[in-house]
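# Structural overview for review
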Amino acid sequence: MTDTIRHDWTLEELRAVHDLPLLELVFRAATVHRAHHDPSEMQVSKLISIKTGACPEDCSYCAQSSRYSTGVAPERLMETGRVVEIAERAKAAGVSRVCLGAAWREVKDNAQFDRVLEMVRSVTDMGLEVCCTLGMLDEHQAKRLEEAGLYAYNHNVDSSAEFYETIITTRTYADRLRTLENVRKTNLTMCSGGIIGLGESVDDRLKMVQTLSQVRPHPESVPINILSKVEGTPMAGNEDVPVWEVIRMIATARIVMPKSDVRLTAGRVKLDATAQALCFLAGANSIFSSETEFMLTKAVPSPSYDKDRELLEILGLKMRGPFKNGRPQDAAVPATALG
Ligand code: SAM
Ligand code: SF4
């Protein structure tokens with residue numbers, strides 16, 4: 001069955017999907033993918049770290065936490081002009097979405113937020129989708145971002161509730177879900193996913209997929225990050241995730257959330273072209289690309305525009321244009337809350 005959208009997946013059902021023989025799983029995921037998406041299209045985003053480092057949170061994987069000595073030099077909030085310059089180069093490279101990331105715990109109603117709203121307006125006016133990932137936010141702040149033309153808000157649940165609380169102590173899983181609820185009170189699209197390779201079990205990964213599948217409607221975009229091991233963080237010595245487990249996660253997310261874009265995000269740089277092709281076959285239809293080999297921070301690299309152009313050409317994939325699914329602000333009916 002390829003066209004049923006469900007919010008009631010049990011852990012046992014998720015396990016049965018995830019544990020299918022690998023090629024059967026990829027085949028089923030590819031079938032679902034083809035029923036809901038143009039399989040010749042790849043959505044390409046560019047991430048701009050508008051405020052880097054010195055974050056008060058203690059997320060154990062993160063290069064930007066002030067708790068760890070990671071060598072990331074803190075930077076002040078970027079000037080809007082600089083953001084526009086980077087966005088112009090991204091647009092020229094065929095990118096359809098610019099993601100503005102800030103190493104903040106939460107959004108505050110201050111001049112810095114006003115500047116982010118100005119960035120959102122400026123980049124949206126260039127005809128690009130804009131996504132923000134700024135930490136926790138309330139309903140009013142989500143509304144202000146929507147009014148500025150924001151396309152998507154990213155806030156990852158990152159893992160299962162139980163495991164999350166062992167890797168981050170400065171906020172709770174419930175805080176995370178509250179922000180997602182605030183996003184769903186607007187017409188913004190939602191981007192939410194997680195990381196594999198934190199030391200979690202397969203059940204933790206599946207509980208995360210279950211949490212995401214309970215959001216109504218499903219997040220429009222679901223990033224699957226592979227941990228980028230950052231020297232100085234508690235996770236620097238974690239074991240690598242076998243590529244087969246990455247493919248299983250992508251395929252499971254694709255089958256469970258058929259309409260969502262599944263994003264192969266952090267850690268893609270570690271996968272060779274053949275492994276990436278398998279991930280795309282298994283339903284990943286969105287990537288981050290960058291003008292240099294770096295994204296988010298110097299500790300979390302991403303492949304370059306040139307390398308990606310070459311890969312997409314080899315695979316016969318074309319870059320998807322912006323606003324293929326319309327602008328969220330044009331939506332007639334407000335999205336409903338978490339289920
Ligand atoms: N401060 C905001 C927040 O935490 O929501 C936004 C920025 S934060 C860096 C965005 C996401 O990047 C995290 O939720 C996590 O999924 C991902 N991320 C951060 N560091 C990573 C790493 N070392 N490896 C893989 N993913 C990472
Ligand atoms: Fe801060 Fe976000 Fe990094 Fe956590 S993931 S330390 S909140 S920047």
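Coordinates for the structure precede this section.
Before going into details, it helps to say that this report is about the structure given with it. Keep in mind the model is a prediction, meaning the values are calculated, not measured. (Residues numbered from 1 in each chain as written. Chains lettered and ligands numbered in written order. Predicted model: local features only at pLDDT ≥ 70, side-chain atom pairs only at ≥ 80, totals over all residues. Heavy atoms only, no water.)

Before going further, it helps to spend a moment on the site of ligand 1. In the vicinity of ligand 1, 17 residues are found, and the nearest of them are Tyr-61, Asn-156, Asp-158, Arg-176 and Ser-228. Between ligand 1 and Tyr-61, the relevant distance is 3.1 Å, taken from a nitrogen atom to a main-chain nitrogen or oxygen of the residue. For ligand 1, a nitrogen atom lies 2.9 Å from a polar atom in the backbone of Ser-228. Its free accessible area being 560 Å², ligand 1 has 94% of it covered by the protein chains. In the shell around ligand 1, the residues fall into 9 nonpolar, 6 polar and 2 charged. (Near = heavy atom within 4 Å. Polar contact = N/O pair within 3.5 Å; in protein donor to acceptor, adjacent residues only side chain to side chain. Areas by Shrake-Rupley, 256 points an atom, 1.4 Å probe, with all protein chains shown as cover. Nonpolar A, V, L, I, M, F, W, Y, C, P; charged D, E, K, R; others polar.)

Per the stated rule, a full pass over the model turns up 2 aromatic pairs. For the ring pair Tyr-151 and Phe-323, a centre distance of 5.6 Å and an interplane angle of 70 degrees mean the geometry is edge-to-face. Of this pair, Tyr-151 sits in the loop between helix H5 (139-147) and strand S4 (152-154) while Phe-323 is found in the segment after strand S12 (318-319), placing the two residues 172 residues apart along the sequence. The residues Tyr-151 and Phe-323 share a single accessibility class, namely buried. Between the aromatic rings of Tyr-164 and Tyr-173, the centroid separation amounts to 5.4 Å while the plane-to-plane angle is 65 degrees, which identifies the pairing as edge-to-face. (Phe/Tyr/Trp six-rings, centres within 6.5 Å; stacked < 30°, edge-to-face > 60°. Helix = DSSP H or I, 4+ residues; strand = E, 2+ residues; numbered from the N terminus. Buried < 20%, exposed > 50% of the residue type's maximum accessible area, 1.4 Å probe, protein only.)

In this structure the tally under the stated criterion is 0 disulfides. Free of any disulfide, Cys-132 has its nearest neighbouring cysteine sulfur in Cys-131, separated by 6.7 Å. When its relative accessible area of 0% is taken as the criterion, Cys-132 is described as buried. (Disulfide = S-S within 2.5 Å.)

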